[in-house]
Amino acid sequence: MNRIDTLLDAAETRSADIVAATISAIGFESVADLLFQEILFRARIDEVAGHGHAATTLILVHAGHKAEFTVQAEPRGGDLPAVVITQDAAETILALYGPRESVSADTRTVCWPGTELAQRAWAKKPLPGRWAGSPQRILDVLDRRDQENLGRLAVYYGTDKWGAAHRYTPRYEQHLGPLRDRRLTILEIGVGGYDDPQSGGESLRMWKHYFPRAVVCGLDIVDKRALAEPRISIFQADQSDRDSLLAVIDEIGRPDVIIDDGSHVSAHIIASFQALFPSLRQDGLYFIEDLQAALWAPVFGGSEDDLTRPDHAFGFLKQFIDGLHHEEFLGDSRTAVPTDQEVTALHVYHNLAVIEKGRNADGSPSADLMRAFMPRNG
Ligand SMILES: C[S@@+](CC[C@H](N)C(=O)[O-])C[C@H]1O[C@@H](n2cnc3c(N)ncnc32)[C@H](O)[C@@H]1O
């Protein structure tokens, strides 16, 4: 198990003692480095940089040891003394990676540069107008107040899930918002950036920010492993190759959320669904983006003919309507398929489908009654 998984597990317990023991077991220096990276990632300091903001120094404390990190909001460091925030490392881990109820600031001190500012005013040196941006950003992260909506995060990280091409983020938020505070494994097919191994990862970073307790995994036909970072794992796999997909599942375990934003070719969409849906956790969600490509012959090999064919993405999705009602069929016109009992809802929006996994076996007393009215053979 890697360090991040270990810390997420420890935070799940909500126990500061267990978290503190975990820090000692992993090593304080290495944990502090991970925490500084996470805080810097979430704080998005670049948005407040360049406006005369002071630096912030964060000191984490564990078992009599200290680790220090300074966030420089100005390219040249500005000329104001740093705001100094000190906090226990275990409390910080619970605040970053624990359930929302475990966020606290009991051990925190914040040392503001009051005297220096007064002296500056006394000497009639101008006070910068917006100097407190970086400490505010850091404190927002430590208090879990950095919870931006998904549309803003899409724009910030540069994925096209909201913008001229698509307006998916309100739909994602509708389905995923209630899961935001959960410990999740998210798998997205299609890292982005196509042939360039150094390019892409925008949506993975958006998910990482949106879900503070999630591990986000991306897979792409191109080797994008250079884009991995804490809480983002990347695999190389062709989404039409079942064995490669199952090898990824072996590594990451059962996902809670799967997003298909890969080739958008119907045959690939269907192959990925058939390989991955059985591994999706109960109550999990499976998203398929860019359904319109199934209509487009150029580039995607799509077709506008016979949209009920099961090898067309549209026809494939329509079959779930039948499957959802598998207990209502009175005759034997239909052959049962494994997803009949596992798909509890199908939502189709403009270019986006969402399939909910659960147990679809309520029984149907009304269908039983109907059968009683049916003429018997022989
Ligand atoms: C639309 S981009 C993904 C964008 C990204 N999800 C985002 O929102 O920022 C599609 C990606 O799918 C990858 N891809 C294309 N065919 C694939 C396949 N057969 N298997 C896996 N990935 C594939 C491409 O290399 C490309 O990087």
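Cut-offs used in this document
- Residues numbered from 1 in each chain as written.
- Predicted model: local features only at pLDDT ≥ 70, side-chain atom pairs only at ≥ 80, totals over all residues.
- Heavy atoms only, no water.
- UniProt positions renumbered as here; feature names shortened; annotations may be inferred.
- Salt bridge = Lys/Arg side-chain N within 4 Å of Asp/Glu carboxyl O.
- Helix = DSSP H or I, 4+ residues; strand = E, 2+ residues; numbered from the N terminus.
- Buried < 20%, exposed > 50% of the residue type's maximum accessible area, 1.4 Å probe, protein only.
- Near = heavy atom within 4 Å.
- Polar contact = N/O pair within 3.5 Å; in protein donor to acceptor, adjacent residues only side chain to side chain.
- Areas by Shrake-Rupley, 256 points an atom, 1.4 Å probe, with all protein chains shown as cover.
- Nonpolar A, V, L, I, M, F, W, Y, C, P; charged D, E, K, R; others polar.
- Pairing = 2+ DSSP bridges.
- Axes fitted to C-alpha atoms, helices over the stretch in contact; angles between N-to-C directions.
- Contact = heavy atoms within 4.5 Å.

The name given to the protein chain in an unreviewed UniProt entry is Methyltransferase MycE N-terminal domain-containing protein, with Actinoalloteichus fjordicus as the source organism. Turning to the protein chain, the UniProt annotation filed under Pathway (unreviewed entry) states: "Antibiotic biosynthesis."

> Which parts of the structure should I look at to understand the pattern of salt bridges?
Oppositely charged side chains may form a pair once their charged atoms are brought near each other. Within this structure, the stated rule accounts for 24 salt bridges. Note that arginine 231 is salt-bridged to glutamate 38, the shortest N-O span being 2.6 Å. One end of the pair, arginine 231, is in the loop between strand S6 (214-220) and strand S7 (232-236); the other, glutamate 38, is in helix H3 (residues 28-43), with 193 residues separating them in the sequence. What makes arginine 231 buried here is its relative accessible area of 3%. For the salt bridge of aspartate 181 with arginine 144, the shortest nitrogen-to-oxygen distance reads 3.1 Å. Here arginine 144 lies in the loop between helix H6 (133-142) and helix H7 (150-157) and aspartate 181 lies in the loop between helix H8 (169-176) and strand S5 (184-189), a separation of 37 residues in the sequence. We classify aspartate 181 as partly exposed; its relative accessible area is 26%. Its relative accessible area of 2% is what places arginine 144 among the buried residues.

> Before we go on, may I ask you to explain the site of the ligand in this structure?
If you check the shell around the ligand, you find 19 residues, and the closest are Glu188, Gly190, Asp220, Gln239 and Asp261. One of the side-chain nitrogen or oxygen atoms of glutamate 188 is found 2.9 Å away from a nitrogen atom of the ligand. Taking serine 203, its side chain carries an N or O atom lying 3.2 Å from a nitrogen atom of the ligand. Protein coverage of the free-state accessible area of the ligand, which is 610 Å², stands at 91%. Of the residues contributing to the shell around the ligand, the split by class is 4 nonpolar, 9 polar and 6 charged.

> Quick question: what am I supposed to make of the sheet that holds strand S2 (residues 65-71) here?
On the basis of which strands lie adjacent, the open sheet formed by 4 strands has the order S2-S1-S3-S4 and mixed pairing. Single-partner strands in this sheet number two, and they are S2 and strand S4 (109-111). Put simply, the sheet's adjacent strands are angled 15° from each other on average, direction ignored. By the bridge criterion, 7 bridges tie strand S1 (residues 56-62) to S2 in an arrangement that is antiparallel. Considered in S2, the bridge of threonine 56 is made with valine 71. Packing against the sheet, helix H4 (residues 89-97) makes contact with S1 and strand S3 (83-88), and its axis sits at approximately 90° to S3. H6 contacts S1, S2, S3 and S4 of the sheet and is inclined by roughly 15° relative to S3.

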